[in-house]
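# Analysis of the macromolecular model
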Amino acid sequence: MKTGTPGPDTSAATSDGTGRDRLSVPDELKSSLRILVVDDDRTLREGCVVMLQSEGYNVTATGRADEAMDLVKRRRWDIVLCDLYLVPISGTEILSAALEANPDTIFIVMTGNPSVTTSIEALRLGAWDYLPKPFAATHLQVLIGRASHAVMVARETREMQQQLHTQIGNSDKLMLLGASPAFRRAVELARKVASTDASVIITGESGTGKEVIAQFIHRHSRHASRPMVPINCAALPEPLLESEMFGHRKGAFTGADRDKMGLLEVANGGTLFLDELTEMSHPIQAKLLRVIQDGVVRRVGSEQQDAVVDVRFISATNRDPHAAVEEGRLREDLLYRLRVIPIKLPPLRERQEDIAPLATYFLAQYWSRHHQPNEPMPTFTEETLQSLRARPWRGNVRELQNLVEHLAVMIDPGAKINPDDVLPEEGTGMPGNPVGFSSAIMSEAYHIAKDKLVAQFEREYLARIVARAGSNMSKAARLASIDRTTLYRLMEKHGFRRDDMNDAIET
């Protein structure tokens, strides 16, 4: 290793677009990295060790190929720096053994006899990079800095995945809770396409679970070790959406006080989820099409190619994408780039056989969230499940999820959930199930039916008005235009306890 010799130009590699030094590795990370140096040239080997240890890295070195083979099999290494031509075991054999033992190991090949053939072969076998001898100390510093940064990103990604798994829990189980033929076809198609790199477009009404299907595809793909980055094309105005997606250069517009990496670059190696695709403007569609075709990202305000990305695209829309093309909202060439595999999710009203298992699953999920473990979970009566199946479910699975969470909060432990416990459909004065619920009510005598409907109205009105007031009883009474005494009387009549409502009377 040559010391004191200028290394290669690293200016292009010093920024990740966020204003920080890409090669700036925290000291605590350096000390946690396990680096193995393998070379039979003692001078070079010891020079590498001295330089890396002076930087704060945890380094082990060996000049024997057989010892190196034993080390990569027995211990976990973050980075291995290995000579290609060793005897009696070659560097490529050590490379294969290291990656078999730990696929996340970053393996860097060194050789004093570089050639295109050997470099391609090493990279084909899984080498992360190729370092020809002799090399400058600065060259090694830059390369190990890049490798350390890659290790840091991989660790952060694994932590994000663990958090995501904790948040979404058994989402695969949830998705598989469905027996309707249309839903099963959608899930099986998602499972089949997940292992490919094909672009997928998911269509369906709002609330049918398009993002859940996208997460399922991503987690079962070769991109699963990298993040799935979502972006809602309808939530941002055009200039902000362009900046978020492609990034921008410092000074590109007012307020752009630093370079910023776009979500396409953040998703490099992973998946970009384009929600509400048809709401994207035509200029951004044209720019995105270029990225899909060439894999090259140009940030806003840049006159050069800023990054090359490898991204899997999953899109979603609650519109008919072909109708959007005919209306001039969506470019046809972009649609066919993103619609290699179309998946259509059926609305919940067409999945009546799935409503009961979904409702039971959500009840168990939210009961455990809002109650103590020793409190017995309520159960749905068959009459209630019948009433749920008859609802129109304009909000689909999301509406069912919200309704069941309301029940989990309001129903007493171990109680039976009856039709009159269920919130009426939004925008109507009657329960969302005129067949199931009304048939039970209307079979009663007039005064009995009237009393039941009034009681239901009072219960639902109290729950909603108290929720609107943030559990502040004084505010709830003002919103209802009644005095607090009347409000408390109604609450006691219908079994609401004051302490449950977090009574916070204003003074």
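Here is a short report on the structure shown in this document. (Residues numbered from 1 in each chain as written. Predicted model: local features only at pLDDT ≥ 70, side-chain atom pairs only at ≥ 80, totals over all residues. Heavy atoms only, no water.)

## Points about the overall build of the protein chain
Where we set the bar: Each helix is a run of DSSP H or I of at least 4 residues and each strand a run of E of at least 2, with the numbering of both proceeding from the N terminus. Accessible area is worked out with a 1.4 Å probe on protein chains only. A residue is then buried under 20% of its type maximum, exposed over 50%, and partly exposed in between. Contacts are residue-level and defined by heavy atoms, with any inter-residue pair within 4.5 Å sufficient. Each accessible area is a Shrake-Rupley estimate made with a 1.4 Å probe; only the visible protein chains count as cover when residues are assessed.
Counting secondary structure elements, the protein chain contains 21 helices and 16 strands. Within the protein chain, buried positions represent 46% of all 507 residues. Considering only intrachain contacts with a sequence separation of at least 6, the fraction spanning at least 24 residues in the protein chain is 71%. In the form shown here, the protein chain has an accessible surface area of approximately 25,400 Å², with 51% of it arising from carbon and sulfur atoms.

## Comments concerning the packing of aromatic side chains
Here is the rule we go by: Working definition: rings of Phe, Tyr and Trp (its six-membered ring) pair if their centres are within 6.5 Å, and the pair is stacked with planes under 30 degrees apart, edge-to-face with planes over 60 apart, and tilted otherwise. Look at NZ for Lys and CZ for Arg. If either is within 6 Å of the ring centre and within 35 degrees of the ring normal, a charge sits over the ring.
Summed over the entire model, instances satisfying the criterion amount to three aromatic pairs. Judged by centre distance (5.6 Å) and plane angle (35°), the ring pair of Phe-457 and Tyr-461 falls under tilted. One end of the pair, Phe-457, and the other, Tyr-461, are both in helix α19 (residues 446-468), four residues apart, so they sit about a helical turn from each other. Judged by its relative accessible area of 34%, Tyr-461 is partly exposed. Above the face of the Phe-246 ring, Lys-287 is positioned so that its terminal group lies 4.7 Å from the ring centre.

## Here we look at the packing of helix α3 (residues 65-74) against helix α4 (residues 91-101)
Helix-helix packing is described using two parameters, namely the angle between the two axes and the distance between the axes. Spelled out, the test is: Fitting a line to C-alpha atoms yields each axis, with helices limited to the stretch in contact; the angle taken between N-to-C directions then spans 0 to 180 degrees. Here the angle decides the label: under 35 degrees means roughly parallel, over 145 means roughly antiparallel, 65 to 115 means roughly perpendicular, and every other value means oblique. It is the rotation of the near helix from the far one that decides the hand of a crossing: anticlockwise by less than a right angle makes it left-handed, clockwise makes it right-handed. Polar here means any residue other than Ala, Val, Leu, Ile, Met, Phe, Trp, Tyr, Cys and Pro, which are nonpolar, and Asp, Glu, Lys and Arg, which are charged; Gly is therefore polar.
Across the interface, α3 lies against α4 with an axial gap of 8 Å and an inter-helix angle of 15°. Here α4 runs roughly parallel to α3, going by the angle between their axes. Crossing hand, α3 versus α4: right-handed. On the side of α3, the interface is formed by Ala-65, Ala-68, Met-69, Val-72 and Lys-73, while α4 contributes Glu-93, Ile-94, Ala-97, Ala-98 and Ala-101. Its residues assigned to classes, the contact of α3 with α4 shows eight nonpolar, no polar and two charged.

## Quick look at the side chain of Thr-208
So the rule is basically this: Distance and chemistry together define a polar contact, namely a pair of N or O atoms within 3.5 Å, with one atom able to donate a hydrogen and the other to accept it when in protein, and with adjacent residues in sequence counting only for side-chain atoms on both sides.
Relative to the assigned elements, Thr-208 resides in the loop between β6 (200-203) and α9 (210-219). Judged by its relative accessible area of 6%, Thr-208 is buried. From its side chain, Thr-208 meets the backbone oxygen of Glu-205 in a polar contact 2.7 Å long. When neighbours within four sequence positions are excluded, Thr-208 is seen to be in contact with Leu-345, Pro-346, Pro-347, Asn-396 and Val-397.

## Details of the environment of Ser-90
With respect to the helices and strands, the residue Ser-90 is situated in the loop between β3 (79-83) and α4. Distance from Ser-90 to Ala-65, taken between C-alpha atoms, is 7.4 Å for residues 25 residues apart in sequence. At 2.9 Å, the side chain of Ser-90 and the side chain of Thr-92 are in polar contact.

## So, the sheet that holds β3
Our working rule: Here, a strand pair is defined by DSSP locating no fewer than two bridges between the strands.
Strand order in the open sheet made by the five strands is β2-β1-β3-β4-β5, with parallel pairing throughout. On the outer flanks of this sheet lie β2 (58-62) and β5 (129-132), each paired with one strand and no other. The mean angle between the axes of side-by-side strands here comes to 20°, regardless of whether they run parallel or antiparallel. In terms of strand pairing, strand β1 (residues 34-38) meets β3 through four bridges, oriented parallel. By the bridge assignment, Val-38 is partnered in β3 with Cys-82. Packed onto the sheet, helix α2 (residues 42-54) meets β1, β2, β3 and β4 (106-111) and runs at close to 175° relative to β2.

## A few points about the pairing of β2
Keep this limit in mind: Note on handedness: a crossover is taken as right-handed if, strands pointing away from the viewer, the path from the first strand over the helix to the second is clockwise.
In this sheet, β2 lies alongside β1 in parallel orientation, the contact comprising five bridges. The residue of β2 that forms the bridge with Val-38 is Thr-62. Note that the unit made of β1, α2 and β2 has a crossover that is right-handed.

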